[in-house]
Structures are given as structure tokens and as C-alpha cells.
Amino acid sequence: LVTDVAPGYDHITAAIGGAIAATYGASFLCYVTPAEHLRLPNVDDVKEGIIASKIAAHAADLAKGNPEAWAWDYAMSDARRELDWEKQFSLAIDGGEKARRYRAESTPEREDTCTMCGKMCAVRNMNKILRGEDVDIMD
């Protein structure tokens, strides 16, 4: 672990350490659950731990210049820029399960915005500017 000050978040600290180790050549990452040393993990804990480990491995692949990892990231960047929610879900490391659930729990008033920012969405507004449209956050 990179640090040991985060009980309940050990999967995150382990993923950070795992990404660093894999960047320097480790070829096997152990997953750690958020329940580490607190209780026996349940199915959700195991899933969170595995996903954190997969993110760590992907980060290491990026750091090592793996072209497939970079292509995946570029595809996700394009989907985010285009506010293409379905494409983002399909490219997500967990198949979009969590992202789809979060988006469904807080539906935006307009489909061309993110739920958090609404009309103030920087991505939406930059896309409008790049298309030569006026941006009026009051409309």
C-alpha cells in the first residue's frame, strides 16, 4: 500500500501502489477490497477491489506507452467530449454499470448536459463555441 491511513479505502491505496509497481515491471497485481482488515469482504467489496486493480493496471499500461491502452483512453475522451453517454458506458472498465446507475439516479433536465453542471457544463458550452454557436447559460 502507498499509505495506511485510509481504512475502508484500502482498494484505492493498493491501486495507487499497484500502478506504480506495474509501471516498473510488476506483472501481477493483487486486488484489495475496501473491507481489508475490517471484515470479510462481500461480493460488492470484491467487485470494487477488482475494478480498482484493473484501473491500476490500465494506468500502468498508459505510463508504459501501451498503444491499446492509449486508444481506449482516446475513445473515452471522444465519448466524453461528445457527451455520448452510451458510448461512455460501453467503454467503461466495468461495462458502464456504475456510471449508468449514477446517471439514471439524477437525470439532467437536458440530454446535452452533464447532470452535475446543467447549462454551466463546460463540455457542452465548449462544443457550442467550437461549432460557432453562442453560449447563453441562461437559456
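The text that follows walks through the structure, step by step, so that each part is easy to find. The structure presented is a predicted model; accordingly, all values stated were derived computationally and were not measured. (Residues numbered from 1 in each chain as written. Predicted model: local features only at pLDDT ≥ 70, side-chain atom pairs only at ≥ 80, totals over all residues. Heavy atoms only, no water.)

## With respect to the layout of surface pockets
Estimates place the volume of the largest pocket at around 980 Å³. Every residue lining the largest pocket is counted, 33 residues in all, and those nearest its centre are R80, A92, K98, A99 and Y102. In terms of residue count, helix α2 (residues 43-63) provides more of the lining of the largest pocket than any other element does, seven residues in total. Per-class residue counts for the lining of the largest pocket are 17 nonpolar, six polar and ten charged. One number sums up the size of the second largest pocket: a volume of about 160 Å³. If you go around the second largest pocket, you meet 17 residues; those closest to its centre are A14, A15, G17, G18 and C30. For the lining of the second largest pocket, the elements supplying multiple residues, two or more each, are α1 (10-23) and α2. At seven residues, α1 tops the list of elements feeding residues into the lining of the second largest pocket. A breakdown of the residues in the lining of the second largest pocket according to their chemical character gives eleven nonpolar, six polar and no charged. (1 Å grid on protein atoms, 1.4 Å probe; cavity = no way out; pocket = protein on both sides within 12 Å on 5 of 7 lines; lining within 4 Å. Points joined across faces, edges and corners; volume = space filled by probe spheres on them. Helix = DSSP H or I, 4+ residues; strand = E, 2+ residues; numbered from the N terminus. Nonpolar A, V, L, I, M, F, W, Y, C, P; charged D, E, K, R; others polar.)

## Some remarks on the pattern of salt bridges
If you walk through the whole model with that rule in mind, you get eight salt bridges. In this structure, R100 engages E86 in a salt bridge whose closest nitrogen and oxygen atoms are separated by 3.1 Å. Placement of the pair is R100 in helix α5 (residues 97-105) and E86 in helix α4 (residues 85-91), with a sequence separation of 14 residues. One salt-bridge network, held together by shared partners, links D78, R81 and E82. (Salt bridge = Lys/Arg side-chain N within 4 Å of Asp/Glu carboxyl O.)

## Some thoughts on the packing of α2 against helix α3 (residues 67-81)
Relative to each other, α2 and α3 sit at 110°, their axes nearing to 8 Å. On the basis of their axis angle, the class for α2 and α3 is roughly perpendicular. Between α2, through H58, D61 and L62, and α3, the contact on the second element is made entirely by A69, W70, W72 and D73. The residue makeup of the contact of α2 with α3, split by class, is four nonpolar, one polar and two charged. (Axes fitted to C-alpha atoms, helices over the stretch in contact; angles between N-to-C directions. Parallel < 35°, antiparallel > 145°, perpendicular 65-115°, else oblique. Contact = heavy atoms within 4.5 Å.)

## Considering the packing of aromatic side chains
Two aromatic rings, taken as a pair, are described by how far apart their centres are and by the angle between their planes. Applying the stated criterion across every chain, the model contains one aromatic pair. Aromatic side chains W70 and Y74 sit 5.8 Å apart centroid to centroid with 40° between the ring planes, which places their arrangement in the tilted category. Pair noted here: W70 and Y74 are both in helix α3, with a separation of four residues, about one helical turn. When the ring centre of W85 is taken as reference, the NZ or CZ atom of R103 above it lies at 3.7 Å. (Phe/Tyr/Trp six-rings, centres within 6.5 Å; stacked < 30°, edge-to-face > 60°. Lys NZ or Arg CZ within 6 Å of the ring centre and 35° of its normal.)

By themselves, these are just geometric observations and shouldn't be taken as functional.
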